[in-house]
Amino acid sequence: MDRIQIRGGAKLNGTIQISGAKNAALPLMIASLLTEQTLTLENLPRLADVNQLVRILGNHGVDYSIDGKRRAEEANAGQTAHLTARSIVDTTAPYELVSKMRASFWVIAPLLARMGEARVSLPGGCAIGTRPVDLLLMVLERLGAKVTIDAGYVVATTPNGFIGAEVEFPKVTVGGTHTALMAAATAHGTSVIRNAAREPEVKDLADCLNKMGARIHGAGTSTIEVTGVARLNGARHSVLPDRIEAGTYATAVAMTGGDVLLEGVRPDLLQEALDALTAAGATITSDNSGVRVRRNGAGISAVDVATAPFPGFATDLQAQFMALMTRAKGVSRIKETIFENRFMHVQELARLGAHIKLEGDTAIVEGVKELRGAPVMATDLRASVSLVIAALAAEGETTVNRVYHLDRGFENLEQKLGACGADITRISG
Ligand code: UD1
């Protein structure tokens, strides 16, 4: 298993090209199941989760091909992929595949829309909590699906197709909103989705579905109206830039000091996080090329944050921000309101010398003058990158084990940080 070794202390200076968003790429790829024509996705990131989803979609009959890199194209330029679900050969998504990546559960709505039946394994628990799918099933039922659970599988049918309906989510859910969009796109009649997730990735999926011929209005707000159409076509769509990757590197620069341009990202995708970093002492500016993050001289100030659905502070940046706060002057309170158990990084940060106390859904972080390198273990995707951020500012050497978590969601992490001056190497095997 690969490890990453980091010798802390270097400032970050340079330019980082932000990749296409993992959390946009996955539902977009799944949307290819909705049409027999080809969906072409540009700016697709090279990630383990994308590869895993290719296997899952392949099992349902999706043909996948990827354009070769053009001459003089940069290493970090996103890939262009073509996905064609000419016919669906299997409506079962087995446990062995779904358990490896929760988002693959989202194939259920397009399988039902296309084939009238689906048998999809329940995803099971994961490191950040129980993560139920009850709201996804609620949407499917509201839109006319018959749903039963049998031996760990959700077995569903739509004998008369999906029927448009009003759905109000009791809680904001990204996956639930994706599911509602994909079910409603080809339903008979009109659907209204209330308390919809406003995340940019939801808007990106809706934009792509509209290019495929769907009639979706209001994505990006909390009420979305979908007028069902008879069929969807192929389309070409470019994956949104990854706001979590951008926020991660912005936090890393705030931690080490330096001056980095995050190319290709829009500040409106992560304003709340940029505001928190500004309050912590970073200087942030933006122009057409991206967002520039600087911190020179002054120390890091303690800032309280609470995670919330978009446009609030993203839960996927909570661990990274906590890493930054371990070196702040004073005490900060970090409240996690989205997931019940998203604090596994606390114990690992403590191994580097951080002082963090947990009180229910809040971590109380008392900044320390110095972190010290140590072997640590990555426990999930975002938690593991928080260890990288801490290690970049720690005295001496840190080894981050179980790097496969990082590879799920960060394209060329060590190359991107290394090019900005970080002392970071991957040790294979
Ligand atoms: C997506 C993101 C993940 C991010 C999360 C919240 C992808 C691939 N993953 O996950 O990175 O951290 O949004 O921004 O895009 N819930 C229920 N019942 C359900 C569904 C969700 O109770 O049926 C709860 C969850 O347990 C959680 C909250 O709703 O407490 C939000 O979860 P949700 O937005 O659905 O997260 P995902 O779509 O799984």
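What you see is a predicted model; the values in this text were computed from it and never measured.

So, how was this worked out
- Residues numbered from 1 in each chain as written.
- Predicted model: local features only at pLDDT ≥ 70, side-chain atom pairs only at ≥ 80, totals over all residues.
- Heavy atoms only, no water.
- Helix = DSSP H or I, 4+ residues; strand = E, 2+ residues; numbered from the N terminus.
- Rg over C-alpha atoms; globule rule 2.2 N^0.38 Å.
- Buried < 20%, exposed > 50% of the residue type's maximum accessible area, 1.4 Å probe, protein only.
- Contact = heavy atoms within 4.5 Å.
- Areas by Shrake-Rupley, 256 points an atom, 1.4 Å probe, with all protein chains shown as cover.
- Lys, Arg positive; Asp, Glu negative; His and termini not counted.
- Charge placed at Lys NZ, Arg CZ, Asp CG, Glu CD.
- Polar contact = N/O pair within 3.5 Å; in protein donor to acceptor, adjacent residues only side chain to side chain.
- Expected span 1.5 Å × (residues − 1).
- Pairing = 2+ DSSP bridges.
- Near = heavy atom within 4 Å.
- Nonpolar A, V, L, I, M, F, W, Y, C, P; charged D, E, K, R; others polar.
- Domains from an automatic or database assignment.
- Core = buried A, V, L, I, M, F, W, Y, C linked by side-chain atoms within 4.5 Å.
- Salt bridge = Lys/Arg side-chain N within 4 Å of Asp/Glu carboxyl O.
- Right-handed = clockwise from strand over helix to strand, strands pointing away.
- Buried area = accessible area lost by both parts, 1.4 Å probe.

1. A short note on the overall build of the chain
Per the secondary structure count, the chain includes 14 helices and 24 strands. Here the C-alpha atoms of the chain give a radius of gyration of 21 Å, agreeing with the 22 Å that 2.2 N^0.38 yields for 429 residues. Once the C-alpha set of the chain is aligned to its principal axes, its extents read approximately 65 × 50 × 40 Å. Put simply, the chain has 429 residues, and 55% of those count as buried. The long-range share in the chain, meaning contacts at least 24 apart out of those at least 6 apart in sequence, stands at 75%. Taken as a whole, the chain presents about 16,600 Å² of accessible surface, with 47% of it coming from carbon and sulfur. Once the 44 positive and 45 negative side-chain charges of the chain are each reduced to a mean point, those two points are 2 Å apart.

2. As for the side chain of Glu411
Structurally, Glu411 can be placed in the loop between helix 13 (404-409) and helix 14 (413-419). By relative accessible area, Glu411 is classed as buried at 1%. Within polar-contact distance, the side chain of Glu411 engages the side chain of Ser19 at 2.7 Å. Not counting the four nearest positions on each side in its chain, Glu411 is found in contact with Ser19, Pro45, Arg46, Leu47, Glu245, Tyr249 and Lys416.

3. Some thoughts on helix 8 (residues 243-256)
Look at helix 8: 20 Å from first C-alpha to last across 14 residues, which is about the 20 Å you get at 1.5 Å a residue. Across the 14 residues of helix 8, 14 count as buried, placing the element largely inside the fold. One side-chain oxygen of the residue at the start of helix 8 lies 2.9 Å from the amide nitrogen of Ile244, identifying that residue as Asp242. Phi for Gly257, located one or two positions after helix 8, is positive at around 85°.

4. What about the pairing of strand 5 (residues 79-84)?
In terms of burial, strand 5 is a largely internal element, six of the six residues being buried. Because side chains alternate across strand 5, one face comprises the buried residues Gln79, Ala81 and Leu83, and the other comprises Thr80, His82 and Thr84, equally buried. As judged from the five bridges shared by strand 3 (residues 38-44) and strand 5, these two strands associate in the antiparallel manner. For Leu41, the partnering residue across the bridge sits in strand 5 and is Ala81. Of the strand pairs in this sheet, strand 4 (residues 63-66) and strand 5 are connected by four bridges, and their pairing is antiparallel.

5. As for the site of the ligand
Around the ligand lies a shell of 18 residues, among which Asp134, Leu135, Thr173, Asp316 and Ile338 are the nearest. At 3.5 Å, a backbone N or O of Val133 approaches an oxygen atom of the ligand. Lys171 is positioned with one of its side-chain polar atoms (N or O) 3.4 Å from an oxygen atom of the ligand. Summarising the interface, the protein chains cover 87% of the accessible area of the ligand, which totals 740 Å² for the free molecule. Only helix 5 (134-142) and helix 6 (174-184) provide two or more residues apiece to the shell around the ligand. Looking at which element gives the most residues to the shell around the ligand, the answer is helix 5, with three residues. For the shell around the ligand, the per-class residue count stands at nine nonpolar, four polar and five charged. In terms of domain composition, the shell around the ligand takes at least three residues from each of domain 1 (3-19 + 241-427) and domain 2 (22-238).

6. Focus: the nonpolar core
Core analysis: the largest hydrophobic core is formed by 150 residues, its most contacted members being Leu140, Leu181, Leu209, Phe321, Met325 and Leu413. Each of two domains, domain 1 (3-19 + 241-427) and domain 2 (22-238), supplies a minimum of three residues to this core. Once residues lying within four places of it in the same chain are set aside, the contact partners of Leu140 are Ile108, Ala109, Leu112, Ala145, Val147, Phe162, Thr179 and Ala183.

7. Brief notes about unusual backbone geometry
With omega at 10°, the peptide bond leading from Phe310 into Pro311 counts as cis. Of note in this structure, Asn43 is not a glycine but carries a positive phi near 60°. Topologically, Asn43 is positioned in strand 3. Of note, the phi angle at Asn195 is positive, near 55°, even though the residue is not glycine. Of note, Asn195 is situated in the loop between strand 11 (190-194) and helix 7 (200-211).

8. Considering the pattern of salt bridges
If you walk through the whole model with that rule in mind, you get 19 salt bridges. Between Asp268 and Arg266 there is a salt bridge; the shortest N-O distance is 3.2 Å. Take Asp268: its relative accessible area is 45%, and that puts it in the partly exposed class. In this structure, Asp407 and Arg426 form a salt bridge, with 2.7 Å as the shortest nitrogen-oxygen distance.

9. Digging into the pairing of strand 19 (residues 331-335)
The side-chain alternation of strand 19 yields one buried face, formed by Ser332 and Ile334, and one unburied face, formed by Val331, Arg333 and Lys335. Of the strand pairs in this sheet, strand 18 (residues 305-306) and strand 19 are connected by two bridges, and their pairing is parallel. Each residue of the ladder has a partner; that of Val305, found in strand 19, is Ile334. Once the chain exits strand 18 it traverses helix 10 (residues 318-325) before rejoining the sheet at strand 19, and the crossover so formed is right-handed.

10. Some thoughts on the side chain of Gln320
With respect to the helices and strands, Gln320 occurs in helix 10. Under the relative-accessibility criterion, Gln320 is labelled buried at 0%. With sequence-adjacent residues up to four places away left out, Gln320 is seen in contact with Ile244, Thr248, Thr251, Arg382, Val385, Ser386 and Ile389.

11. Section: the domain arrangement of the chain
Structurally, the chain comprises domain 1 (3-19 + 241-427) and domain 2 (22-238). A straight line from the C-alpha centre of domain 1 to that of domain 2 covers 30 Å. Contact with domain 1, which involves 25 residues of that partner, is made by 21 residues of domain 2. Summing both partners gives a buried area of about 2,000 Å² for domain 1 against domain 2, and 50% of it is carried by carbon and sulfur. Its largest share of buried area at the contact with domain 2, domain 1 owes to Phe310, Arg408 and Glu411, together 29% of the area lost on that side. Inspection of the domain 1/domain 2 interface yields three salt bridges. Where domain 1 meets domain 2, there are seven residue pairs in polar contact (both at pLDDT 80 or more).

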